[in-house]
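This is what each chain is made of:
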Amino acid sequence: MRKLTAALACRNNGSRLYAKPLQNLDANVTILSQIISCIKTVDCIDSIVLGISEGIENKVFADVAKAENVEYIYGNEIDVLHRLILCAEKANATDVFRITSESPFPNFDM
């Protein structure tokens, strides 16, 4: 049986805007929370796992994962592909839906 997992690589040390995934869209919704909410509406996605970069500045993403009731892993900041693989392993996924953690309005029109 196939299992599709959405894997989101998360880190705060972006070169353009620090903590972009945690920026507010409005008073109660961050970019990352908006993305997770959108993914949860897609029936074929079985689970969501955040691939969080190691480092104290990224620990806040574990809090987001817990609040959103999704899984998470920690991995190397530079090796994003390995973090995505760890996400798949965490969820026992056969397939990975890779989505950026910085684009708040994904379009899943099929």
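Worth saying up front: this structure is predicted, and the values here are computed from it rather than measured.

(A) Inspection of the nonpolar core at higher detail. Membership of the largest hydrophobic core comes to 20 residues, with the highest contact counts inside it found for Leu8, Leu32, Ile36, Ile39, Ile48 and Leu50. For this core, the secondary-structure elements that each account for two or more residues are β1 (4-10), α1 (31-39), β2 (47-53) and α2 (60-68). No other element matches the five residues that α1 contributes to this core. Leu50 has contacts with Leu8, Cys10, Leu32, Ile36, Phe61, Ala65, Val70, Glu71, Tyr72, Ile73 and Cys87, leaving out every residue within four places of it along the chain. With seven residues, the next largest nonpolar core counts Ala9, Ile73, Leu84 and Ala91 among its residues.

(B) Inspection of the packing of α1 against α2 at higher detail. As a packed pair, α1 and α2 sit with axes 11 Å apart at the nearest point and diverge in direction by 35 degrees. The handedness of the crossing between α1 and α2 is right-handed. Across the interface between the two elements, Leu32, Ser33 and Ile36 from α1 touch Phe61, Val64 and Glu68 from α2. Tallied by class, residues from the contact of α1 with α2 come to four nonpolar, one polar and one charged.

(C) Spotlight on the sheet that holds strand β3 (residues 71-75). In spatial order, the strands read β3-β2-β1-β4; together these four strands make up an open sheet with parallel pairing. One side of each edge strand has no neighbouring strand; the edge strands of this open sheet are β3 and β4 (95-98). Between one strand and the next, the sheet's axes are offset by a mean angle of 30 degrees, whatever the strand orientation. Bridge analysis of β1 against β2 gives six bridges, and the strand direction is parallel. In the sheet register, Ala6 faces β2, and the bridge partner there is Ile48. Contacting β1 and β2, α1 crosses the sheet at an angle of about 175 degrees to β1. Where helix α3 (residues 80-90) meets the sheet, it contacts β1, β2, β3 and β4, and its direction lies at approximately 145 degrees from that of β3.

(D) A look at the environment of Glu102. Along the chain, Glu102 turns up in the segment after β4. Those residues in contact with Glu102, other than ones at most four positions away along the chain, are Arg16, Lys20, Pro21, Ile31 and Ile35.

(E) Fine view of unusual backbone geometry. At Asn69, a position not held by glycine, the phi torsion is positive, near 60 degrees. Position of Asn69 relative to the elements: it lies in the loop between α2 and β3. With a phi angle near 55 degrees, Asn92 is a residue other than glycine that sits in the positive phi range. Residue position: Asn92 is located in the loop between α3 and β4.

Analysis parameters
Every chain is numbered on its own, with residues counted from 1 as its sequence reads. Where totals are concerned, whole chains, interfaces and linings use all residues; where local detail is concerned, this predicted model gives features only for residues with pLDDT of at least 70, and gives and counts side-chain atom pairs only at 80 or more. Only hydrogens and water are removed before side-chain values are computed, so all heavy atoms of the structure are retained for them. Throughout, nonpolar core names a set of buried Ala, Val, Leu, Ile, Met, Phe, Trp, Tyr and Cys residues whose side chains join them through atoms within 4.5 Å. When accessible area is computed with a 1.4 Å probe and restricted to protein chains, residues below 20% of their type maximum are described as buried, those above 50% as exposed, and intermediate ones as partly exposed. Only DSSP runs of H or I with at least four residues qualify as helices, and only runs of E with at least two residues qualify as strands; both kinds are numbered from the N terminus onward. Here, residues are in contact when the closest pair of their heavy atoms is within 4.5 Å. Orientation is described by axes fitted as lines to C-alpha atoms, over the contacting stretch for helices, and by angles from 0 to 180 degrees between their N-to-C directions. In this scheme the handedness of a crossing depends on how the near helix is turned from the far one: anticlockwise by less than a right angle means left-handed, clockwise means right-handed. Here the term charged refers only to Asp, Glu, Lys and Arg, the term nonpolar to Ala, Val, Leu, Ile, Met, Phe, Trp, Tyr, Cys and Pro, and the term polar to all other amino acids, Gly among them. Strands qualify as paired when DSSP identifies two bridges or more between them.

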